[in-house]
Amino acid sequence: MPETQSLPLRSNRDTTDRRAKENTGNSRTVQASWLTLAGFMSLSVGIITAAILSRFMTKSEYGTYRQVIYIYSTLLIIFSLGLPKAYSYFLARIPRDEGLDMVKKISMLFIGMAAVFSAVLLFGADTIAGLLGNPPLAENLRYFAVTPILLMPVMGVENVLTVYKMSRVVAVYATVSRLFMIICTVLPVVMIKADAKHAVIGFVVSSVITCISGYILIRLPFRNTVQRKTKTGLKEIIRFSKPVFTTTVYGFVISSTSLFFVGRYFGAEEFAMFANGYKELPFAGMIISAATAVLLPEFSKMQKTGAMNREFISLWKSVVYKSLSVICPLSLFCCVFAKDIICTIYGTEYSDASVLFQIITMINLTYVMPYNTIMLALDRGKELARAYMLAAALIVGLNIMSVSLSFHSITLITLIHTSCILLCRAMLMAVISRSLNTTVAKLVPWKKSIRILTASAAACIIAVFTRYLLGNMHGIAGLTTGFCIFIMTYCFIAGMAKIDYKEIFRPIISRIGIYKNNISDAGYA
């Protein structure tokens, strides 16, 4: 009698486990989707702000403003010490009632580093302006100097909310704060004077609003929880942040070197051209950043509980496939229609930047794997730092060589940077495969990837040919027409190639259905 009952019990247990895994995967996808929406808002603000400012300001003034943002974003990599990732790593490992104390500890480190950062901008403005060969830059940096104190202590808001499954709040926070950024940055330029100083002052004003809202939201997950001290001390936080910090230093060198050489040896106008053209597709970073924010606490839990390698590989391949299914088609479209995109956003005077935009497509296509996230979770921070160090050394050395040999070409600078990034990512893949006792080939879902790549390329070819037959339109009309043709063609080919987007986005569709049912039950529909 007991034996006859054991089979259904096991079946029920297996079914329950399977459903639990499916629900966990669905939750990850939904959380990542909210973060992607937040990233989309940031992307939209960046594009809108750049499009307006580049039209109202001269190339020289716009280039100076972009240099201010470049200096802040690159130095932020160093002064943040890798601490934003510490929120995700530690909060996933401790009880919620210890969370606020952990947040306070990390925030205090941020405040200290922010004070040093602001002092560097305030008192080192002339030196920085001299290095970039742009004297007007110094005054703008002094106006901007208070920004790190306002923004750095609330850098972890999105990470904290994500750990506690509050990604919807992140989307709202990103939307509101970015809208204020557009208003505060653009209005002074349009209404008062079209120069870098007024754009910078507007940015600082928007930072005040972001700071206030960030301080409120970072405490939100702990509102109804009785708090107690966490056993995790500053030493453990710093121990985790050390390899992350080392990596970010090399990342700083990687991200800033090419921009520095262009700004120093080519002037503000060429800097504006390079900054507008050579940028990774924002939606690619937006998608993988959202996935990373969700996966770091997930990988951290898996590593702490001793999960098997096959579980890491399964989750990794799932993320790669879902990221590639969105990033690959859009990347190839942007590469083919690069000139229309650049001219539509920034104006025809930046049309030459389209070549740079096409070159960076090679990086975009490899931006589908959460390299750093899994390496940190697997305690491979040192190997991560070594790969970044080699890439940084190559970029610096090759850029010095190109300038010394009088090869004054921003296209060459672009090719050097792209090649070094691809080499770095190849090394990271090798380290990850060794850590998981597998091969690089087994980390990539090759059949699915090839189907997506082939369908994307075919859709691009058809879109270009069809647009040519319709009159070879240019500008926003040609871009819109080409995109519509591309999307319709790609959807058809993807269906033929059995690329199941319904399955990929099923968790999001299901969640939308739940929201609609809840609204209907409440009597609003």
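Data block above holds the structure.
Residues numbered from 1 in each chain as written. Predicted model: local features only at pLDDT ≥ 70, side-chain atom pairs only at ≥ 80, totals over all residues. Heavy atoms only, no water.

A.B. asks: When you look at the state of the cysteines in this model, what are you seeing that I'm missing?
C.D. replies: Each disulfide consists of a covalent bond between the sulfur atoms of two cysteine residues. The tally for this structure, following the rule as stated, stands at zero disulfides. A disulfide-free cysteine, Cys328 has its sulfur positioned 8.8 Å from the sulfur of Cys460, the nearest such atom. Classification of Cys328 by relative accessible area gives buried; the value is 2%. (Disulfide = S-S within 2.5 Å. Buried < 20%, exposed > 50% of the residue type's maximum accessible area, 1.4 Å probe, protein only.)

A.B. asks: Would you explain unusual backbone geometry in this entry?
C.D. replies: Leave glycine aside and you will find that most residues have negative phi; peptide bonds, for their part, are mostly trans. Look at Asn437: it is not a glycine, yet its phi comes out positive at around 55°. Relative to the helices and strands, Asn437 resides in the loop between α20 (410-435) and α21 (446-469). Take Asn437: its relative accessible area is 66%, and that puts it in the exposed class. For Lys498, which is not a glycine, the phi torsion comes out positive at approximately 60°. Note that Lys498 resides in the loop between α22 (475-496) and α23 (501-504). (Helix = DSSP H or I, 4+ residues; strand = E, 2+ residues; numbered from the N terminus.)

A.B. asks: When you look at the pattern of salt bridges in this model, what are you seeing that I'm missing?
C.D. replies: Where charged atoms from two side chains of opposite charge come close, those side chains can pair. All told, the structure shown has seven salt bridges when counted by the stated rule. In this structure, the salt-bridge partner of Arg142 is Asp126, at a minimum N-O distance of 2.7 Å. Residue Arg142 is found in helix α6 (residues 137-144), and its partner Asp126 is found in helix α5 (residues 125-131); the two are separated by 16 residues along the sequence. (Salt bridge = Lys/Arg side-chain N within 4 Å of Asp/Glu carboxyl O.)

A.B. asks: I keep staring at helix α2 (residues 59-79) and nothing clicks. Help me out?
C.D. replies: Its 21 residues place the ends of α2 30 Å apart at the C-alpha level, agreeing with the 30 Å of an ideal helix rising 1.5 Å per residue. A positive phi of about 60° marks Leu81, the residue just after α2. (Expected span 1.5 Å × (residues − 1).)

A.B. asks: Looking at this model, I keep getting lost on the packing of helix α15 (residues 338-346) against α22. Mind explaining?
C.D. replies: Each pair of packed helices can be described by the angle between their axes along with the distance between the axes. For the pair α15 and α22, interaxial distance at closest approach is 9 Å and the crossing angle is 130°. It follows that α15 is oblique to α22 by the angle criterion. In the packing of α15 onto α22, the handedness of the crossing is left-handed. Across the interface between the two elements, Asp340, Ile341 and Thr344 from α15 touch Gly475, Ile476 and Leu479 from α22. Of the residues that constitute the contact of α15 with α22, the class distribution is three nonpolar, two polar and one charged. (Axes fitted to C-alpha atoms, helices over the stretch in contact; angles between N-to-C directions. Parallel < 35°, antiparallel > 145°, perpendicular 65-115°, else oblique. Left-handed = near helix turned anticlockwise from the far one by under 90°. Contact = heavy atoms within 4.5 Å. Nonpolar A, V, L, I, M, F, W, Y, C, P; charged D, E, K, R; others polar.)

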